[in-house]
Amino acid sequence: MPKVYFSILNVFTVLVISVAGTSFLLSATPENKETLQSLAEQFEKPPIKYRPHVWWHWMGSNFTKTGITKDLEAMKEAGIGGGTIFNIASSVQNTHAPMENNPYPEQTYRSEAYWDAMRHTMSEAKRLNLVMGLHGTPGYATTGGPWITEEYCMQTLVFTNVAVQGGQVIETTLPRPKLPIYRGFSNENNSFGKNVTGKQATYYKDIAVMAIPDTKNAAPADVLDISANMDENGRLKWQAPDGSWNICRIGHAPTMSHPHPLPDDIIGKTLEVDKMSREANLYHWKQLLDPLKEHIGEYFGKSFTYIWIDSYESGDQNWTPTFRDDFIRLKGYDPLPYIAVQQTTKPDKKSEELKKFQQDNRAVISRLFIDNGWKTAQEALHSYGLKFYWEPYSGPWDSHESVSIPDLPVGEFWTGGNGSIGKIPAIARKFGKQLVGAEAFTGRPVRSKYTEDPAFLKHSADGGYVSGANWYFLHHWVHQPFDERYQPGMGMGWWGTHFSRYQTWFKPGKAFFTYLARCQMLLQQGVSVASERNTAHRSTPDAEIFFIINPERSAVEKTFAFPVKDGFPELWNAYTGTIHQTRHWKIDGDKTLVNLKLEPDESLFVIFPKNPTCTYPQLRLPEYDVKSETAEEIRGTWNVRFEPKLDLPFVREFPVLTDFSKNPDTAVKYFAGTAVYEQTMKIPAEEINQNKRFVLDLGRLNDIANLRINGKDAGVLWNPPYKADVTPLIQAGENQVVIEVTVNWANRLIGDEQEPADFEWGTDRGNEGRAMKAFPDWFLKNQPRPSQGRKTFNIWYYYRKDSPLQPAGLLGPVRFIRQEVEYHSLGAE
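Conventions used here
Residues numbered from 1 in each chain as written. Predicted model: local features only at pLDDT ≥ 70, side-chain atom pairs only at ≥ 80, totals over all residues. Heavy atoms only, no water. Helix = DSSP H or I, 4+ residues; strand = E, 2+ residues; numbered from the N terminus. Rg over C-alpha atoms; globule rule 2.2 N^0.38 Å. Contact = heavy atoms within 4.5 Å. Areas by Shrake-Rupley, 256 points an atom, 1.4 Å probe, with all protein chains shown as cover. Lys, Arg positive; Asp, Glu negative; His and termini not counted. Charge placed at Lys NZ, Arg CZ, Asp CG, Glu CD. 1 Å grid on protein atoms, 1.4 Å probe; cavity = no way out; pocket = protein on both sides within 12 Å on 5 of 7 lines; lining within 4 Å. Points joined across faces, edges and corners; volume = space filled by probe spheres on them. Nonpolar A, V, L, I, M, F, W, Y, C, P; charged D, E, K, R; others polar. Axes fitted to C-alpha atoms, helices over the stretch in contact; angles between N-to-C directions. Parallel < 35°, antiparallel > 145°, perpendicular 65-115°, else oblique. Left-handed = near helix turned anticlockwise from the far one by under 90°. Salt bridge = Lys/Arg side-chain N within 4 Å of Asp/Glu carboxyl O. Buried < 20%, exposed > 50% of the residue type's maximum accessible area, 1.4 Å probe, protein only. Pairing = 2+ DSSP bridges.

A. A look at the overall build of the chain. When you go through the chain residue by residue, the secondary structure sums to 16 helices and 47 strands. For 829 residues, the compact-globule estimate of 2.2 N^0.38 gives 28 Å, and the C-alpha radius of gyration of the chain, at 31 Å, lies within 12% of that figure. Dimensions of the chain, computed from C-alpha atoms along their principal axes, come out at roughly 115 × 75 × 50 Å. Put simply, 78% of the contacts in the chain that link residues at least 6 apart link residues at least 24 apart. Working note: accessible area of the chain is about 32900 Å², and carbon and sulfur atoms make up 48% of it. For the chain, the centre of its 90 positive side-chain charges and the centre of its 97 negative side-chain charges are spaced 1 Å apart.

B. Spatial organisation of empty space enclosed by the protein. Tallied over the entire structure, the rule returns six cavities of 30 Å³ or more. In this structure, the largest cavity encloses a volume near 100 Å³. In terms of lining, the largest cavity is formed by 17 residues, of which the most central are Gly468, Asn470, Ser528, Ser531 and Arg538. Secondary-structure elements contributing two or more residues to the lining of the largest cavity are α11 (424–430), β22 (527–532) and β23 (535–540). If you add up the space inside the second largest cavity, you get close to 60 Å³. Lining the second largest cavity we find 13 residues, and of these Tyr450, Gln480, Pro488, His498 and Ser500 sit closest to its centre. A breakdown of the residues in the lining of the second largest cavity according to their chemical character gives seven nonpolar, six polar and no charged.

C. A look at the packing of helix α8 (residues 336–344) against helix α9 (residues 352–383). For the pair α8 and α9, the least separation of the axes is 11 Å and the interaxial angle reads 110°. The orientation of α8 relative to α9 falls into the category roughly perpendicular. Crossing of α8 over α9 shows left-handed handedness. Contact with α8, carried on its side by Tyr338, Ile339 and Gln342, involves Glu353, Leu354, Phe357 and Gln358 of α9 and no other residues of that element. In terms of residue class, the contact of α8 with α9 is built from four nonpolar, two polar and one charged.

D. Focus on the pattern of salt bridges. What the rule picks out here adds up to 47 salt bridges. A salt bridge links Asp231 to Arg235, with the shortest nitrogen-to-oxygen separation between them at 3.2 Å. Between Arg815 and Asp697 there is a salt bridge whose closest N-O contact spans 3.0 Å. Here Arg815, found in strand β47 (residues 815–824), pairs with Asp697, found in strand β36 (residues 692–697); they are 118 residues apart in sequence, far enough to count as distant. Residue class for Arg815 comes out partly exposed when judged on its relative accessible area of 27%.

E. Summary view of the sheet that holds strand β43 (residues 770–772). Spatially, the three strands line up as an open sheet ordered β42-β43-β45, and their pairing is antiparallel. With partners counted over all chains shown, the strands left at the sheet margins are β42 (761–764) and β45 (796–797), one partner each. Where β43 and β45 come together, two bridges link them in antiparallel fashion. Bridge pairing in β45 places Arg770 opposite Tyr797.

F. Looking closely at the packing of helix α4 (residues 112–128) against helix α6 (residues 278–296). Orientation of α4 relative to α6, taken along the N-to-C sense of each, is 65°, at an axis distance of 10 Å. In terms of crossing hand, the pair formed by α4 and α6 is right-handed. Contacts between α4 and α6 pair Glu112, Trp115, Met118, Arg119 and Met122 from the former with Pro291, Leu292, His295 and Ile296 from the latter. Taken together, the residues of the contact of α4 with α6 break down into six nonpolar, one polar and two charged.

G. Local environment of the environment of Asn702. When you line up the elements, Asn702 lands in strand β37 (residues 700–702). Each C-alpha atom, one on Asn702 and one on Gln342, is 61 Å from the other, the two residues being 360 residues apart in sequence. For Asn702, the residues in contact, after removing those within four places along its chain, are Val741, Thr742, Val743, Pro807, Ala808, Gly809 and Leu811.

H. Inspection of the side chain of Asp264 at higher detail. When you line up the elements, Asp264 lands in the loop between β14 (244–254) and β15 (271–272). The buried charged residue Asp264 lacks any salt bridge partner; its closest oppositely charged side chain belongs to Lys269, at an N-O distance of 11 Å.

Structure below.
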């Protein structure tokens, strides 16, 4: 048994499996091998390879080369390392719910315009040193395309049962089984619904004709294979033995499952590939990859490096043309008698024989999905020089073994939860995989409605990291093909979270993306030892790295026990990009105890260098104790310059700080953009000395603030408490304080609902919002919009006229804090 250390202190648990007990993990090849010295030097600005990526949705035919360039340049500017292209519908609800009157209808899937855009994308990505991938099907689930015929579609068993009396020659026609009608994902009032969920299969192939005694608890051994007695037209001529018999005509037909949500022009023309057929899968990958190689092959392995497969949403499959032979090969007996008994009689539920068959049947289906589906995918992609990224956590296969197949196994977490991606990281460790991806921040329409900000996202972000993920792919960054007049622009229908260059906090949000990159840089080093509750632990040749979080709503100060018995701890803060010494630690046997104070949703890396003579002392900030502290509220009139995203700037004065949403001035009340607050304060020269520390506390604000003191950057504050150490920037005499507070889109969107709509409403989904039905003519013709009071333009509307406004702006109180401090040299208490 591996040895496990527990240190349960209030809500925190540090759980680490000892190195001796998990030696197989340490024999795995680390994904990254940076020295601690190198990590320290890069910590403030991590290199591009550690940055989060995004899911980049192209909505139907709505893509432009100008928009592509601007999107990619914005990704680079914001600290994003690349993107995964998804070709999906022009709008999405449960599945495809296309817009009408799209501006570029000729830009169909795989048209020349499409390939021109793809070539442009890869060229621009190469120029910007970004890495791109593509989803392995049009839509986001799962694997298929317009090249998949019904014969190559996922297959299911279909049956016709006829009762006969034996002791005579039976001459009858066995009707062909009723063929499937796909009833998968659909939308209410979807104009494409009849073509999608009501489409019936036309392809059919016989498997066998079986005769089953019509007796209670018929046994598979009693079943007769009379396939040779039926001709191709279904006419049966059979000398039936005495007794009552059920004749079962068994065949297979396509499930008619299709990828979704599809680009508009191929809805109703696309099917999912047979996941259990190697032949069908090789055909699928050839049809997907050969055109890619033809048009963007020069970028394979350069700016285009991988194919992604999202979570499985294709439904069940229980047959493939080779299934009978495969079953006999794998299990040693014929499955058809068992299938026939289950289909035509009421089988004995207590029959051990039938229970074993059902278990074997599931195992064979799993094996064929893995061997003929997912391993074939990996093999095909590797043969083209591409990597395989896949979310394997759910489907009719062994989800443990499946984690071993992709180059990057990927989990998923949604906003509003704790961020956990389940068992994938633990399984990945067993297979020696040190990189684990996460589809990060997927958002439902009731939660992600342009109110999302980094402070809201941090809780689930940190939870994902401690669950074992170490590379995020952000859901989503929708392609913006239209110019800056039309914001917030294209969305993924009703889904979030809304990352894009049209997000109000796009520029200050770089601080959040940098935080993710810092975490990922450290969490990708060495090998993973454990990921449990509020701690992740990785081991490298020259350090033990622990990532700890406080997921609670209140601050805590506790002692953490780490399974390290030598070396001294350092505190690496990914929020600030700084490295601190600490002397609040001591060795207790084979553990090191470290006393830490964490604010709500605060995180920290505790790193134990194995080399006590690390060569980056200049990067470490000394530890200090606060001996005394005084706080003074900054009062007086604030001059505020409003810089709306979609209007001209204006200036207002605020004698006191107040919530914008409660202001009678509608320009302020419905403001979205950046409000620049300015104040001055005087500091006597005698107060500035080496034992003084100055902190600016902004109090409450919505949603994110960039702070400047005397014209110099003091950092971005995106998570409470909104405090900054401004000591190096303070000067004797007058000091200028500039606080740039960026407010989200919500109130502006609500403000627009006070104005008449200048477009036609589509589907109304209640508290989930409502759709724009079609792009309006004035938009297509580049004319002034009829409803001049409306400022925003988007395709899904989360708000109504009476929706409650969100708190906005700087609420304060803004306090200037003076601290008398005592600095300490390194060492344990």
